[in-house]
4 protein chains.
Amino acid sequence: MIYFRSDYSLGAHPKVMEALMKTNMEHSDGYALDEHCDHAREMVKELIGVDDCEVHMMVGGTPCNITTVSAALRAYEAVVAPRTGHIYVHETGALEAGGHRVITEEGDNGKLTPQNIDDAWLEYEDEHTVIPKMAYISNPTENGSIYSKAELKALSEKCKEKNMYLYMDGARLGCALTCEDNDLTLHDIATMTDAFYIGGTKNGALFGEVLVIRNPEINDHFRWMIKQKCGMLAKGRLLGVQFEALLEGGKNSIYFEMAAHANAMAKKLKEGIAAKGYGFDGVSQTNQIFPVLPAEKVKELEKDFFFYEWVPEKDGKIVIRLVTSWGTTEEDVDAFLKAL
Amino acid sequence: MIYFRSDYSLGAHPKVMEALMKTNMEHSDGYALDEHCDHAREMVKELIGVDDCEVHMMVGGTPCNITTVSAALRAYEAVVAPRTGHIYVHETGALEAGGHRVITEEGDNGKLTPQNIDDAWLEYEDEHTVIPKMAYISNPTENGSIYSKAELKALSEKCKEKNMYLYMDGARLGCALTCEDNDLTLHDIATMTDAFYIGGTKNGALFGEVLVIRNPEINDHFRWMIKQKCGMLAKGRLLGVQFEALLEGGKNSIYFEMAAHANAMAKKLKEGIAAKGYGFDGVSQTNQIFPVLPAEKVKELEKDFFFYEWVPEKDGKIVIRLVTSWGTTEEDVDAFLKAL
Amino acid sequence: MIYFRSDYSLGAHPKVMEALMKTNMEHSDGYALDEHCDHAREMVKELIGVDDCEVHMMVGGTPCNITTVSAALRAYEAVVAPRTGHIYVHETGALEAGGHRVITEEGDNGKLTPQNIDDAWLEYEDEHTVIPKMAYISNPTENGSIYSKAELKALSEKCKEKNMYLYMDGARLGCALTCEDNDLTLHDIATMTDAFYIGGTKNGALFGEVLVIRNPEINDHFRWMIKQKCGMLAKGRLLGVQFEALLEGGKNSIYFEMAAHANAMAKKLKEGIAAKGYGFDGVSQTNQIFPVLPAEKVKELEKDFFFYEWVPEKDGKIVIRLVTSWGTTEEDVDAFLKAL
Amino acid sequence: MIYFRSDYSLGAHPKVMEALMKTNMEHSDGYALDEHCDHAREMVKELIGVDDCEVHMMVGGTPCNITTVSAALRAYEAVVAPRTGHIYVHETGALEAGGHRVITEEGDNGKLTPQNIDDAWLEYEDEHTVIPKMAYISNPTENGSIYSKAELKALSEKCKEKNMYLYMDGARLGCALTCEDNDLTLHDIATMTDAFYIGGTKNGALFGEVLVIRNPEINDHFRWMIKQKCGMLAKGRLLGVQFEALLEGGKNSIYFEMAAHANAMAKKLKEGIAAKGYGFDGVSQTNQIFPVLPAEKVKELEKDFFFYEWVPEKDGKIVIRLVTSWGTTEEDVDAFLKAL
């Protein structure tokens, strides 16, 4: 069985495992208050070229999203997101369980637009209505698309105009940044958003994400929020050790190398599928693609390949999702294309 | 100044005030555990022609909605509602503050359709997604439209098919039931929904709504939920006394007389406005209408009449909301039409 | 049946009813944004001798407590209260349902002491623990005791030292202020607390409390919180009209007259009971007293008098609660003492 | 620096690391739906000798506690716990943030007694009060004490009598079970509680706990609750792989070997400290001990040893906490005793 199911079907990059082995018998203080975490935090600050921020070592993406929103918003404030956003679609209502509304807007190929924010504000009146206070975006989006520098700038300015926070979910941020269409830098993101995270789980870590908070309002007592939201890892140093390994070498680190590889494999897949005459649902620029295939072909492929059926059968066709990762090989891709 | 701002700008119907005066010096137990409340509950059961239900005396509409949803749903379950629904638009996110998502669908002139429910289920997958568990509808809707018997039956069947509760917000239920297009009875509503309420605040009470719960799952420990949601009134008997007065005479009670009057005044207004060549936003069948007027005309009318601008100016026109009530007089309507 | 069950077994003082009747057919805007509410707010500010505060018209005591705490605290902050406090004992966990802990301390005859606050802080460590942020007190307490000026001052200073808010639940504040042992003024309370409320429900209103917020941090977007917590009354003017009537005449108003009467009736009861050789549970200074009576005597009294058994039978004795109010007559008291 | 700070200052037992390395390049499905987790679940069922239960792979102890309570309780239900319980003391109010009260009782050396449960029920009245629905205990307790079979049986019966769930926090369960005073088996625990967990983080795993739910009411849609509470690990198989290694060999596995070693090191420490004439705070039977030492001695020890000051200095003495683990060596203990 060949996996195109997700970018977290393997363990960690060998260099991450090596680092964990090497440090295994070191004693350290808990809760990410150790030297490895401190070092990783410094590496992150250097990588993003920003020093006046706080860097939190988090276990996963949902904890990043939920803890940040909970820390940032008062009870009557809400998040604006595309209806396709992870925080709305795939977190079992964790945000609402924490007391806040996600105001969904249609978005554009998975991306939130300044117009979407204006639309959310059209529903605002007074004390009988929630106040849109944060814009949630993913980069790349759940559709595989990415934000251009101009798009992010426009969103950032719209948020400032509306006194809103801008938060970026970077579960697959490596793939956005190494995508050939990309013109954003980590420094741009760090200066245009109030908070964002650099995802590890979906790019070669066992688990773990690095959450960067620029806005001190959001950061106030943030560690209390992490603990209360059940996200404080006792052996927090595991996060520090992994990100030391992932980010070693900065822009030349395995973090970006892995992401670029995932993108390359997706591109090869996409081109091969298109060459066979099949189309796609939406336009992806990164490591998730959504071919539209005949239902019977899908059933046949499922014998040897593991992937999601993304949109249920309609008119004899099924949209599937193929995800590549650092662990996807040329052979995997060739096998799929051959079987198609 | 003449008020078309809301149907709660006056005090209570004189008969309600009379009943409050008459019983003022009676001692009774608190928290709606008194004889007036017991009597009112029996009157309601008789009026709806259903005995196996629980009737709760509530202070207001938002408490009805929020307490019912909170009692009915588990943490990962959600409500499906039209994007125009009161629970989404005008309750400051109280439902999400209680931990649940409102899944908004576009609706049809303010009404939820069986297709909307199917659409909500399209977003459902597994433990990563919330479970649509309740459909929220208002009758009449926030647009003034009403559900026909066939529409309610279709919704009720769709909810049963999907193992969902059907809940009706009846803030203005009197106006729906006395509207000339209506073919629904209270008995129909009581047998087709799991819970609904008969609104008093917007139809001649000082405050108060009667919540009817048919489904025993929702009713389990409901009084604990009322208290926890801050809705337990110490002098609960005020609710019983008011509804005794409102519902005295059943179908011939002032409750229905007042609603019919409100509808009649709205109809007169609507016809007069149309006769002057103005159009409307949406199609209302009850006591709220939404004329589209030139902005300068609106500004002029605001000198003598008090109403909401409903949709901000666009292309020189403003949608306003006019609401009539038991206290609206023919003279009020004539004055408005004359000024138009 | 003679009622000593609560101070909310009657309707409202006749002057309150008169005011409601007189204003019944006035049209006004909703949600306490009307002229009667504005006037009542001004009357309150004058009465307490403080102008830089916000006055909110609330429906009941639990809404006052819960909305204030929810508005004041961040997610990881907690309230310190005596274990006997209403917020802990009789609100069905509404505060925790809103996400906050009540740290209970033993208290002294129902009162919170500065030492209690120090004790709560002993449990504090770091991000693994909640932060005590508000002290909750009732005056009079649920035991009927009152705070002296020196006690309130000491608490107020301790709260400032610990960067905590001081909040006073004044459900029966009239009885505290008119109690013969009292040396506190409304002005003292307004200047020593961050927020407090002047209760109407238990002192002659149909319902309603006046919440005074001194600290602007707590007041930020407070009306959003009222709505979200289901406490926004559509016909809010009912609150204004009632408090205009209750507070007319300021210190000589019926508000204080009624409370003084309730205290006087309780004192007469207490002295009569003591004269018959019975003791009391705790020391009450106001309108709730807790005689300890033989179980069989209690059962006998229950035939003609309605009151709570407060502490279950033990060693053949039961603690009962007797509550007097503005509506308690000398005859009621005499009848009880005679039957004892 | 020698660590007696916690039992999670090291990485994982070498056999755990070996298993992670060996399986690192296997592809698998996410979210603990893989074969390693399935296998680990079967191993757990065999170990506890109970088949009709559900086993969930959890990331940490706080997620176990909070998710279980949230899944088990309705909004108005509460947990009874000793005031020393982890759920009250060290989880930043996560339980209350989820909407539920912890009713604290004094306990007996960290243990909850049947009398405590009766005391909690004394505060219960009706819809104005929360309903005690779950008893929370830790074994060993936060004081290091353990429950005897008779104690657990009595608690279990009391819970059944009161229609309450019994939940055991087993963060250090290995140390309880391998303690020389212990007469409980895993089978006893599984049959006397409604849910409990077997802790990995504090006994040789990188992270991870195995939550066993006997009561199907608690288990209903439990995976939705895990996700909503941010506890669903993408690479869930890491939990399965670790517990396969920890529990290999069942009662002779490294899981119990490590715990027994931790206990032995604690005993040696305790005896050595006592031999030098120092006393202890409370009576510990497991791997956490609480010596009472002169303040100046503590300051001196802190130069070479890392541990918590547990109770602030009083009368010149400080209570410290020393924790041993699988990684504590005889040399570590000897060094401490020598320095004392």
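For the structure itself, consult the block above.
Scoring rules and cut-offs
Counting starts from 1 at the beginning of each chain's written sequence and moves along it residue by residue. By the order in which they are written, chains take letters starting at A while ligands take numbers starting at 1. Side-chain atom pairs in this predicted model are given and counted only at pLDDT of 80 or more, local residue features only at pLDDT of at least 70, and totals for whole chains, interfaces and linings cover all residues. Here the side-chain values reflect all heavy atoms present in the structure, with hydrogen atoms and water set aside. When accessible area is computed with a 1.4 Å probe and restricted to protein chains, residues below 20% of their type maximum are described as buried, those above 50% as exposed, and intermediate ones as partly exposed. Note on conventions: DSSP H or I runs of at least 4 residues are helices, E runs of at least 2 residues are strands, and numbering of each starts at the N terminus. Strand pairing is defined by DSSP finding a minimum of two bridges between the two strands. Classification remark: right-handed applies to a crossover when, strands pointing away from the viewer, the course from the first strand over the helix to the second runs clockwise. Angles shown run from 0 to 180 degrees and are taken between the N-to-C directions of axes, each axis being a line fitted to C-alpha atoms and, for helices, limited to the stretch in contact. Contact criterion: two residues are considered in contact whenever any of their non-hydrogen atoms come within 4.5 Å of each other. A least-squares fit on C-alpha atoms brings the copies together, and the residues used are those whose pLDDT is at least 70 in both copies. Summed over both partners, the accessible area (1.4 Å probe) lost when two parts come together is defined as the buried area. Throughout this description, the term salt bridge denotes a Lys or Arg side-chain nitrogen within 4 Å of a carboxyl oxygen of Asp or Glu. Residues adjacent in sequence count toward polar contacts only when both atoms are side-chain atoms; beyond that, a polar contact is any pair of N or O atoms within 3.5 Å, and within protein one must be able to donate a hydrogen and the other to accept it. Asp, Glu, Lys and Arg are counted as charged, while Ala, Val, Leu, Ile, Met, Phe, Trp, Tyr, Cys and Pro are counted as nonpolar; the rest, among them Gly, fall into the polar class. Only centres within 6.5 Å qualify two rings of Phe, Tyr or Trp (six-membered ring in Trp) as a pair; their planes then separate them into stacked at under 30 degrees, edge-to-face at over 60, and tilted for everything else.

A. Structural context of the pairing of strand 5 (residues 131-138) of chain C. Residue and element names in this part refer to chain C. Burial analysis of strand 5 places 8 of its 8 residues in the buried class, which makes it a mostly covered element. Pairing between strand 3 (residues 77-82) and strand 5: 4 bridges, direction parallel. When the sheet's bridge partners are listed, Glu-77 is paired in strand 5 with Ile-131. With 5 bridges joining them, strand 5 and strand 6 (residues 165-169) adopt parallel strand pairing. Within strand 6, the position partnered with Ala-135 by the bridge is Leu-166. Handedness of the crossover is the feature at issue here: the chain leaves strand 5, passes through helix 7 (residues 149-161), returns alongside strand 6, and the resulting connection is right-handed.

B. Region of interest: the sheet that holds strand 8 (residues 209-213) of chain B. Residue and element names in this part refer to chain B. The 7 strands are arranged 2-8-7-6-5-3-4 in an open sheet whose pairing can be described as mixed. Because the sheet does not close on itself, it has two edges, and the strands there are strand 2 (54-58) and strand 4 (102-105). On average, each strand axis in the sheet is tilted by 25 degrees relative to the strand beside it, whichever way the strands run. For strand 2 and strand 8, the ladder comprises 5 bridges, and the chain directions are antiparallel. What sits directly across from Val-55, in strand 8, is Val-212. Across the sheet, helix 2 (residues 35-48) touches strand 2, strand 7 (195-199) and strand 8, and the angle it forms with strand 2 is around 125 degrees.

C. Highlighting the relation of the copies chain C and chain B. Note on the copies: chain C fits chain B at an RMSD of 0.0 Å, the axial shift is 0.0 Å, and the rotation between them is 180 degrees. The superposition operator between the copies reduces to a two-fold rotation axis. The residues that chain C uses at the interface reappear at the interface of chain B in 100% of cases, marking a shared surface.

D. A look at the relation of the copies chain D and chain A. Structural alignment of chain D on chain A gives an RMSD of 0.0 Å, achieved by rotating through 180 degrees and translating 0.0 Å along the axis. When the interface residues of chain D are mapped onto chain A, 100% of them are again interface residues, pointing to one common binding face.

E. Highlighting the interface of chain D and chain A. Residue-level contacts link 43 residues of chain D with 43 residues of chain A. For the pairing of chain D and chain A, the buried interface totals around 4,200 Å² over both sides, and the portion due to carbon and sulfur atoms is 62%. Counting the surface chain D buries against chain A, the share from its top three residues, His-27, Cys-230 and Lys-235 of chain D, is 17%. Counting across the chain D and chain A interface gives 2 salt bridges. When the shortest N-O distance is used, the salt bridge between Asp-29 of chain D and Arg-5 of chain A registers 3.2 Å. One can count 28 residue pairs in polar contact (both at pLDDT 80 or more) joining chain D with chain A.

F. Just the interface of chain C and chain B, in detail. Contact with chain C, which involves 43 residues of that partner, is made by 43 residues of chain B. Here chain C and chain B share 2 salt bridges between them. At the boundary of chain C with chain B, the tally comes to 28 residue pairs in polar contact (both at pLDDT 80 or more). Those elements that provide at least two residues to the side of chain C that touches chain B are helix 1 (14-22), helix 3 (61-72), helix 5 (94-97), helix 11 (222-228) and helix 12 (237-247) of chain C. Of the residues belonging to the side of chain C that touches chain B, the class tally is 24 nonpolar, 11 polar and 8 charged.

G. Region of the structure containing the pattern of salt bridges. Under the definition given, this model contains 77 salt bridges over all chains. Note that Asp-220 of chain D is salt-bridged to Arg-74 of chain B, the shortest N-O span being 3.0 Å. Here the residue Asp-220 of chain D occupies a position in the loop between helix 10 (216-219) and helix 11 (222-228), and Arg-74 of chain B occupies one in the loop between helix 3 (61-72) and strand 3 (77-82), the pair thus bridging two chains. Members of the salt-bridge network, linked through shared partners, are Asp-118, Lys-158, Glu-161 and Lys-162 of chain A.

H. Spotlight on the packing of aromatic side chains. Scanning the entire structure with this criterion turns up 46 aromatic pairs over all chains. Aromatic side chains Phe-305 of chain A and Phe-336 of chain A sit 5.1 Å apart centroid to centroid with 75 degrees between the ring planes, which places their arrangement in the edge-to-face category. Residue Phe-305 of chain A is found in strand 12 (residues 305-306), and its partner Phe-336 of chain A is found in helix 15 (residues 330-339); the two are separated by 31 residues along the sequence. In this pair, the class of Phe-305 of chain A matches that of Phe-336 of chain A, namely buried. Plain terms: the ring middles of Tyr-255 of chain B and Phe-256 of chain B are 5.3 Å apart, the flat faces sit at 85 degrees to each other, and that makes the pair edge-to-face. Exposure remark for Tyr-255 of chain B: the relative accessible area of 1% places this residue in the buried category. Relative accessible area serves as the criterion here: at 10%, Phe-256 of chain B is assigned to the buried category. An aromatic cluster of at least three residues, connected via ring pairs, comprises Phe-4, Phe-305 and Phe-336 of chain A.

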